[in-house]
Amino acid sequence: MSAPRRALALVVLLGTLFLLGGAGSASAHSAVRETTPGEGTVLKSAPKQVTMTFTESVGITDDSLRVLSPENRRVNAGDTEHASGRSDSVRVPLDDGLADGTYTVAWRVVSADSHPISGAFTFSIGKPSETTASVSAEPAVNPASGALYDIARYAAYAAVALLIGAATFVLVCRPRSAEPVRGLVRAGWWVLVATTAALLLFRGPYERGTGPATLLDPELIENTLTSRPGWALLARLALLAGAAVFLVRLGRGAAVETEAEAEGPEKEQVRPKPAVLAAGGILAVGLAGTWAAAEHASAGIQVPLAMTSSVLHLLAMAVWLGGLAALLTTLHRSEALLSAASVARFSRLAFASVAVLVLTGVYQSWRGLGSWDAVFDTLYGRILVVKVCAVVLLLAAAGFSRRWTGRLTDAEEPLRVPVLETVGARAGAGGGADSGPGAGSSGGDSGESTSAAAGDGSDEEPESGSGPTSAPGVRRGALRRSVLAEVVVGVVVLVITTVLTGTQPGRAEIETAAAEKTAAAGQRTASTTLIPFDVGTPGGHGKVQIILEPGRVGENTVEAVVIGPDGGIATVPEIRLSFTLASQKIGPIDAGLTNKGGYWGTSSLNLPIPGTWTMKVTIRTSDIDQVSETRRVKILR
């Protein structure tokens, strides 16, 4: 199989592993921290605008917030914008003179690490209406568009590893011939160009939650090109154009390399000039930066340090895994094309890459998790544990490769010694040939010496056959197998890494859960308790329904309704209600209910602190018949 076909096969393998792994679209990486008006609140007057605050900065479009009336009519008075210059807060103005009823806010934004999120909430003006706007509960990302976008992401990671890793292998390790690796470099470049262009097209449907049919929608393409992920992709294409020029100019040294090969199999490539290495390094750092600018590193804490770490991590991964692919390809093409010195150079390069991966990986793990609890309590932490296990296997395979590299280097080092002995023997033989007849004794000595040298040579030949020729062949075979194992495990590590970049970090997941818990607490606008009672007289039983609104610290409204034996509303002479918090020695606090004509209520119950309070209700059905019941009710902060 040719090198380009091997590269394409690797890309197909990554896509297959992605599909078989069942990885869906990336999880949302931001959450709603607060909304104004709050979820489910009932306002006395119409608000001027709707504001939403998120746990991290978000990207928006003109219609990121859509406010719908009870009749499903849009009441936005303008476009969605960031509030007060804050990137984590968005708002939209509303029409004047909004009627009473329940309004629905449908929202869709893009979190700082490029993943779209969406949702909806309601608020009411005056009083809740019987009808509300209908909002479909579709996922934030269309499944088909999300799958295509993720496949392109996986292929892009594989391509950048091939491109950077194979090019670095040629420049740093200097094999005797770069021909077997050129196919990998070309395949990596073309696949990365194709996947980057695909990501530019898929980005619009991915963000908007639409299907692949909207792939060429001019509005979506325009939105993508003006967004931060779009800028990163455009920068990647520009850098790939520069990389093409760099590779073409580098390839012009092929003629010199061919001449070097003609001089003998021992001739290695000329060491590249520092300017060439610097140019290649700048292009590689730039390409890695296009990932860091659009994913996890660009959001959260310590962004500059995180982006630097992300670039180094990606480069180390590409140099190691892409270099392994280049090493394996060269080993399979011809043993004569790769000297032990080149293998030793790659061994040192791989060791340095592993050191960078470990250091940056530790930092990124800390930044992504934030606490030990997040290791097993979050999806990100569990995937990270799997990745660490895979990396340990990869290091084990790398250890075997390093050991075989050392043996191969030791075996090839003595190759020059037989050559020196042979030259000495030939010199002695030449001296004997030049001796005249009068030097018979001397010639005999010379001939004896020559014979001895030849004998020594014959004694060394079997050893040479089992050492420098056949033993290195065995060692090269073992090296091929260990490198192949590294490549296979490396592909698995690459897949896990790509899944990890699409998973909400543990730190963010915990913060999101806390924000959602707070938001959920804010959604509760009333506490309803239904309490059965029976005073022991005919018709003296039923239920009392107590509505406590909002059920929070501070002023609350209470409504108590008695439901008779027949299920209808009943009237009673008196209902008394009190609240006690025994743990804090507070109470009983009398609610002071008064007859409101059909129900008993108050709007001035003040509960000072949160906690689980004991609510005692006393229902009097006649002048002498009454009963008391207690229930526990939770008062929120």
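Novice: Requested: an account of the packing of aromatic side chains, with residues and values cited.
Specialist: Scanning the entire structure with this criterion turns up 6 aromatic pairs. Here the aromatic rings of Phe54 and Trp107 are separated by 5.5 Å at their centres, their planes lie at 65°, and the arrangement is edge-to-face. Here Trp107 lies in strand S8 (residues 101-111) and Phe54 lies in strand S3 (residues 49-54), a separation of 53 residues in the sequence. Each of the two residues, Phe54 as well as Trp107, counts as buried. Ring geometry for Tyr149 versus Tyr206: centroids 4.1 Å apart, planes at 10°, classification stacked. Highlighted residues: Tyr149 in helix H2 (residues 143-173) and Tyr206 in helix H3 (residues 179-208), separated in sequence by 57 residues. Each member of the pair, Tyr149 as well as Tyr206, is classed as buried.

Novice: Tell me about the confidence of the model for the protein chain, residues and numbers included.
Specialist: Considering every residue of the protein chain, the mean pLDDT works out to 75; 73% of them sit at 70 or more. Segment residues 413-470 is flagged for pLDDT under 50; beyond a separation of four residues in sequence, or across chains, it makes 15 contacts in the model.

Novice: So what about the sheet that holds strand S1 (residues 32-36)? Which residues, and what values?
Specialist: Spatially, 4 strands are ordered S1-S3-S7-S6 in an open sheet, and the strand pairing comes out antiparallel. Each edge of the open sheet is held by one strand with a lone partner, namely S1 and strand S6 (81-82). Both S6 and strand S7 (residues 89-93) contribute to a ladder of 2 bridges, which runs antiparallel. What sits directly across from His82, in S7, is Val90.

Novice: Tell me about the pairing of strand S10 (residues 527-534), and name the residues and values.
Specialist: Here S10 shows a buried face lined by Ser527, Thr529, Ile531 and Phe533 and an unburied face lined by Thr528, Leu530, Pro532 and Asp534. Relative to strand S11 (residues 541-549), S10 runs antiparallel, the two being bridged by 8 bridges. Its bridge partner lying in S11, Leu530 is registered against Gln545. Counted between consecutive antiparallel strands, the loop separating S10 from S11 contains 6 residues, among which Gly536 sits at a positive phi close to 90°.

Novice: Tell me about the sheet that holds strand S14 (residues 574-581), and name the residues and values.
Specialist: Spatially, 4 strands are ordered S15-S14-S18-S19 in an open sheet, and the strand pairing comes out antiparallel. The open sheet is flanked by strand S15 (586-590) and strand S19 (626-635), the only strands paired with a single partner. Strand-to-strand twist of the sheet, defined as the mean angle between neighbouring strand axes without regard to direction, takes the value 20°.

Novice: Tell me about the pattern of salt bridges, and name the residues and values.
Specialist: Following the criterion strictly, the structure yields 8 salt bridges and no others. For Glu81, the salt bridge goes to Arg91, with nearest N and O atoms at 3.1 Å. In this pair, Glu81 is assigned in strand S6 and Arg91 in strand S7, connecting sequence segments 10 residues apart. In this structure, the salt-bridge partner of Glu574 is Arg576, at a minimum N-O distance of 3.1 Å. With a relative accessible area of 34%, Arg576 lands in the partly exposed category. What emerges from the salt-bridge pattern is a single network uniting Glu574, Arg576, Arg620 and Asp623.

Novice: Please set out helix H5 (residues 228-251) residue by residue, giving values where relevant.
Specialist: The end-to-end C-alpha distance of H5, which contains 24 residues, comes to 34 Å, matching closely the 34 Å that a straight helix rising 1.5 Å per residue would cover. Along H5, the positions that sit buried rather than exposed are Pro229, Gly230, Ala232, Leu233, Arg236, Leu240, Ala243 and Phe246. Among the structural elements, H2, H3, helix H4 (218-225) and helix H7 (274-292) are those in contact with the buried residues of H5.

Novice: Break down the nonpolar core for me, citing the residues and quoting the values.
Specialist: With 66 residues, the main nonpolar core has Leu192, Trp320 and Phe346 as its most contacted residues. The leading source of residues in this core is helix H8 (residues 303-333), at 15 residues. When near neighbours in sequence (up to four residues on either side) are disregarded, Leu192 contacts Ala156, Ala159, Val160, Leu163, Arg236, Leu240 and Trp291. Ranked by size, the runner-up nonpolar core spans 26 residues in total, among them Phe533, Val544, Leu593 and Leu607.

Novice: Which residues make up the packing of H7 against H8, and what values do they have?
Specialist: As a packed pair, H7 and H8 sit with axes 9 Å apart at the nearest point and diverge in direction by 120°. Looking at the two axes, H7 sits oblique to H8. Between H7 and H8 lies a crossing of right-handed hand. Packed against H7, whose contacting residues are Ala284, Val285, Ala288, Gly289, Trp291 and Ala292, the element H8 presents Met307, Ser310, Val311, Leu314 and Leu315 at the interface. Of the residues that constitute the contact of H7 with H8, the class distribution is 9 nonpolar, 2 polar and no charged.

Novice: I'd like a description of the packing of H2 against H5, backed by residues and values.
Specialist: In the contact formed by H2 and H5, the axes pass within 13 Å of each other and the chain directions differ by 30°. Taken together, the axes of H2 and H5 lie roughly parallel to each other. With respect to the hand of their crossing, H2 and H5 are arranged in left-handed fashion. Listed contacts from H5 to Ala156, Leu163 and Leu171 of H2 are Arg236, Leu240, Phe246, Leu247 and Leu250.

Conventions and cut-offs
Residues numbered from 1 in each chain as written. Predicted model: local features only at pLDDT ≥ 70, side-chain atom pairs only at ≥ 80, totals over all residues. Heavy atoms only, no water. Phe/Tyr/Trp six-rings, centres within 6.5 Å; stacked < 30°, edge-to-face > 60°. Helix = DSSP H or I, 4+ residues; strand = E, 2+ residues; numbered from the N terminus. Buried < 20%, exposed > 50% of the residue type's maximum accessible area, 1.4 Å probe, protein only. pLDDT = per-residue confidence, 0-100. Contact = heavy atoms within 4.5 Å. Pairing = 2+ DSSP bridges. Axes fitted to C-alpha atoms, helices over the stretch in contact; angles between N-to-C directions. Salt bridge = Lys/Arg side-chain N within 4 Å of Asp/Glu carboxyl O. Expected span 1.5 Å × (residues − 1). Core = buried A, V, L, I, M, F, W, Y, C linked by side-chain atoms within 4.5 Å. Parallel < 35°, antiparallel > 145°, perpendicular 65-115°, else oblique. Left-handed = near helix turned anticlockwise from the far one by under 90°. Nonpolar A, V, L, I, M, F, W, Y, C, P; charged D, E, K, R; others polar.

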